[in-house]
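Next come the chains, spelled out residue by residue.
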Amino acid sequence: MAFENLTGRFQMALRRLTGKARLNENDIDEMMREIRLSLLEADVNYKVVKEFTDEVKELAFGEAILKGLNPGQQVVKIVNDELTKLMGSQAEPLKLKTSGISVIMMVGLQGAGKTTTAGKLGAYLQKTLEKKVMLVAADIYRPAAIDQLKTVGKQLEIPVYEEGDKVNPRTIVKNALKFAKDGGFDTVIVDTAGRLHINETLMDELIDIEKITQADEVLLTVDAMTGQDAVNVASAFHEALSVTGCILTKLDGDTRGGAALSIRKVTGVPIKFAGTGEKLHELEVFHPERMASRILGMGDVLSLIEKVEEEIDEDEAMSMMEKMMSGKFNYNDLLKQMKMIRRMGAFSGILKMLPGMGQMANMDKVDDKQIHYIEAIIRSMTPEERSNPELIERSSGRRNRIAKGSGRSTTEVNRLVSTLEKQQKMMQQMSNIRPETMERMASGTPVSQAKRNRGKGRGGYRF
Amino acid sequence: MTMGLFSKLFSSKEKTAQREKYKIGMMKTRKGALSGLKEVLSSSKKVDEALFDHLEELFIMADIGVNTTVKLIQQLRDVTKKQKIEDPRQLESVIVDTMFETYLKGQTVNTNIRFEKNGLTVILFVGVNGTGKTTSIGKLAYQLKQSGKQVMLAAADTFRAGAIDQLKVWGSRVGCEVISKEAGSDPSSVVFDAIRKAKSQSVDVLLVDTAGRLQNKVNLMKELDKIQRTIAKELGKNAQETYLVVDATTGQNGLSQAKIFSEVTPITGIVLTKLDGTAKGGIVLAIRDELSIPISFVGLGEKLTDLDYFDIEDYIYGLFADLFEGEGSHGSNR
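Residues numbered from 1 in each chain as written. Chains lettered and ligands numbered in written order. Predicted model: local features only at pLDDT ≥ 70, side-chain atom pairs only at ≥ 80, totals over all residues. Heavy atoms only, no water.

Take the overall build of chain A next. Summing up its helical and strand segments, chain A has 22 helices and eight strands in all. Taken over 463 residues, chain A has a buried fraction of 52%. Long-range contacts, defined as pairs at least 24 residues apart, comprise 77% of the intrachain contacts of chain A with a sequence gap of at least 6. Roughly 20,900 Å² of accessible area belongs to chain A as shown, and the carbon and sulfur atoms make up 48% of that amount. (Helix = DSSP H or I, 4+ residues; strand = E, 2+ residues; numbered from the N terminus. Buried < 20%, exposed > 50% of the residue type's maximum accessible area, 1.4 Å probe, protein only. Contact = heavy atoms within 4.5 Å. Areas by Shrake-Rupley, 256 points an atom, 1.4 Å probe, with all protein chains shown as cover.)

And the structure:
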């Protein structure tokens, strides 16, 4: 029955209060292994993972454990917080000139999505910032790259400057700037050819284009699916050019996108936009704080942490605990407790997420409806009855009336009454015993065994 | 586990030229992941946990992935224990042999194109966006043409801007006909037309270019299913080869790609592109390990000739090129 699980919940609450208050090395090591694997599977660079987990380990050591979490979840929380910090706490806007022509250079490996993104970015600037945008086709190498940009430009009604594929890209951009000035454009987006970061000739070409255009933004376009090599690519481009931002493309796939973290950690370059679909409006301002949890995975733990942080008022929980310990626990308190639990979502779902609850014997029997029924019963009580449970205990007339009023059976009402009674007694007893014993109890060690461990004549606790 | 494989790797002189290409392709920077192997082995005094940790790092850095890496390391542990190997230098051959056997899985891997003896062979290229499908088709068309086959291309990527033009450029470079419709047409109808036309003109090989699609887009995957069904209907069977094109820089998502694409249409092999960068493309080893899909071709550069049949020996050689370099002129003196 639900009530027994509630009791379990209280035990866990006690454990959190009387048990581990701070993270010890063991807790951290245990969780770090999993976090390491999770980050590696998300394609975060091996060295970045190592550095990051070492740093977090130090940070986490001795950290206080938040009420409502167990040590493992607390470590996940710290890791997620640090990841978020590392990724940057807010979106970084483009730094464009307020007057004159701003130049944005799109660079990256082949197939990262530069041309598509150039178009998307143009549309974004035109629409949201009301810029007068021109695209420049400076990829003269890939077959039909110019056609592609022209098609994109046509769809978006953004002019494309091109001189075919026979003219040196340096000349093209020089002429394009002149053309933009004459045409009254204020934003020029240069689509460069995809190149390997180790191709010196082509990298030199980029360096020259950056010099010629005095680019305001050099945006490195990176495929969100990139693996360990992301660090090499980003570093090489960043060494050659002053990359001002990254655009993470194909983020609408099912990749975890660990490359974002690697790039951010190694180069410090912020990720400014994310490509989230094949259509030309599917470009979003990048929100680094949302990316952290995607990379880390562990979604269920994170959502629990979020809920615990949002919903549980610590003071409320504390006063509840005090009441329980004093043995003056009444139906009003029980109702409050139910509310607290319901605020956190479906009861059975939340129980599964709670530390240690998975092992509770009656796990499967937890029924959200039971909570409803108990609430109905309590709500059929008079205010006096709620605050003074003895009234109900003593009178079968009251119990019958409550049963009728709530639409539940008398048996159920009786059960609730006796459960509250039992709970009161238990809590009173608990408040008289030593904390260590409680901890052992809560961790599920059978009492009989606990007794044996303590030796003859030293036990004798009765539950 | 035999030492024979390792010495075989050193001795086959005739392969030096091709191997050189892999080496150049994969070793353009010395910073690349697995090139640290030699250093790790020579700086370690004994075979211990620290050494295995180093190896683990090298494998992960090559995108081989956690699962396959853990498996490889475990095998290495077992072998060193069984053979009582204490000198790290002796590990070289064990590592190469272990990777070799992990790839082969006790099978004979034949990645040659399964040409139809009499009639049309259809090769379908699929993959996520930007992996190099169109370029790989251009390169393969050139090679097939060189070998005397009559080749036709089908522009079934009707979605991406400029995709049809791009394939047409390749068609005219290589000198083969490109079947296309206007942008936005149903790709299956392009394939339908192309197969009919190819049959009527007694074309030997039809290479079908498809739009890049992320594997989690259900509608696009259905479109691919329709393309394969059209081929099956017109050809009487699935395309003889369906290649999944994977970018060597791809990380662990490559596994998801291989898994979900093969759920929609049987994948007969992988084309690993852009291996001429610093990425090692180790994810294909994980794909082979977990899904048994072999690698058929590798793209090693931007020239028409830069597409080669995959050779596991050469690939391992490329991964550990620095290891072999010190051993003499590519080990031919062993």
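Another point: the pattern of salt bridges. Evaluated as defined, the whole model comprises 32 salt bridges over all chains. Residue Glu 82 of chain A is joined to Lys 85 of chain A by a salt bridge in which the shortest nitrogen-to-oxygen separation is 3.2 Å. Highlighted residues: Glu 82 of chain A and Lys 85 of chain A, both in helix α4 (residues 71-87), separated by three residues, approximately one helical turn. Overall, Glu 82 of chain A belongs to the buried group, its relative accessible area being 17%. Residues Glu 92 of chain B and Arg 89 of chain B are paired through a salt bridge, measuring 3.6 Å at the closest nitrogen-oxygen approach. With relative accessibility at 5%, the residue Glu 92 of chain B sits in the buried group. Overlapping salt bridges bring together Glu 51, Glu 55 and Lys 265 of chain A as one network. (Salt bridge = Lys/Arg side-chain N within 4 Å of Asp/Glu carboxyl O.)

This part covers the interface of chain A and chain B. By a widely used convention, the size of an interface equals the accessible area lost when the partners come together. Listed per partner, the contact involves 34 residues of chain A and 44 residues of chain B. Summing both partners gives a buried area of about 3,200 Å² for chain A against chain B, and 56% of it is carried by carbon and sulfur. For chain A, the biggest contributors to the area lost against chain B are Tyr 46, Met 225 and Glu 278 of chain A; these three give 19% of the whole. Joining chain A to chain B, the criterion identifies two salt bridges. In this assembly, chain A and chain B are joined by 20 residue pairs in polar contact (both at pLDDT 80 or more). (Buried area = accessible area lost by both parts, 1.4 Å probe. Polar contact = N/O pair within 3.5 Å; in protein donor to acceptor, adjacent residues only side chain to side chain.)

Residues and elements named next belong to chain A. Spatially, β3-β2-β4-β1-β5-β6-β7-β8 is the arrangement adopted by the eight strands of the open sheet, whose pairing is mixed. A strand with exactly one partner marks an edge of an open sheet, and here the two such strands are β3 (160-161) and β8 (283-285). In this sheet, strand β4 (residues 187-192) lies alongside strand β2 (residues 133-138) in parallel orientation, the contact comprising six bridges. Directly across from Ala 137, in β4, lies its bridge partner Asp 191. (Pairing = 2+ DSSP bridges.)

The next thing to look at is unusual backbone geometry. Even without being a glycine, Glu 130 of chain A presents a positive backbone phi close to 55 degrees. Relative to the helices and strands, Glu 130 of chain A is located in the loop between α5 (114-128) and β2. With relative accessibility at 70%, the residue Glu 130 of chain A sits in the exposed group. For Lys 274 of chain B, which is not a glycine, the phi torsion comes out positive at approximately 60 degrees. Secondary-structure assignment places Lys 274 of chain B in the loop between β6 (269-273) and α12 (283-291).

Before going further, it helps to examine the pairing of β2 of chain A. Residue and element names in this part refer to chain A. Of all six residues that make up β2, six are buried, and the element is covered over most of its length. Here β2 runs beside β3; their pairing, made up of two bridges, is parallel. Note that in β3 the partner of Leu 135 across the bridge is Val 160. This β-α-β element, β2 to helix α6 (residues 145-156) to β3, shows right-handed connectivity. (Right-handed = clockwise from strand over helix to strand, strands pointing away.)

Glancing now at the sheet that holds strand β8 (residues 307-309) of chain B. Residue and element names in this part refer to chain B. In space, the eight strands of this open sheet follow the order β3-β2-β4-β1-β5-β6-β7-β8, with mixed pairing throughout. Bordering the open sheet on either side are β3 (177-179) and β8, each of which pairs with just one other strand. Ignoring which end each strand starts from, the neighbouring axes of this sheet average 25 degrees apart. Where strand β2 (residues 151-156) lies against β3, three bridges are found, and the strand directions are parallel. Pairing of Leu 153 across the sheet is with Val 178, part of β3. (Axes fitted to C-alpha atoms, helices over the stretch in contact; angles between N-to-C directions.)

Let us look at the pairing of β4 of chain A. Residues in a regular strand project their side chains so that they alternate between the two faces of the sheet. Residue and element names in this part refer to chain A. The buried fraction of β4 amounts to six of the six residues, a majority that puts the element mostly inside the structure. Side chains Thr 187, Ile 189 and Asp 191 project from β4 onto one buried face, and the interleaved Val 188, Val 190 and Thr 192 project onto a second face that is buried too. Sheet topology note: the strand β1 (residues 102-108)/β4 ladder contains five bridges and is parallel. Across the sheet, residue Met 106 finds its bridge partner in β4, namely Asp 191.

Okay, helix α10 (residues 218-235) of chain B next. Counted at 1.5 Å a residue, the expected span for α10 of chain B with its 18 residues is 26 Å, and the 26 Å between its end C-alpha atoms agrees. Elements that come into contact with the buried residues of α10 of chain B comprise β1 (121-126), α9 (187-200), β4 (205-210), β5 (241-247) and α11 (253-264) of chain B. (Expected span 1.5 Å × (residues − 1).)

All names here are of chain A. Across chain A, the average pLDDT comes to 82, with 77% of residues at or above 70. Note on residues 13-18: pLDDT is under 50 here. Beyond four places in sequence and across chains, it has 16 contacts. Within the model, the stretch residues 350-366 combines pLDDT values under 50 with 36 contacts to residues more than four positions away or in other chains. (pLDDT = per-residue confidence, 0-100.)

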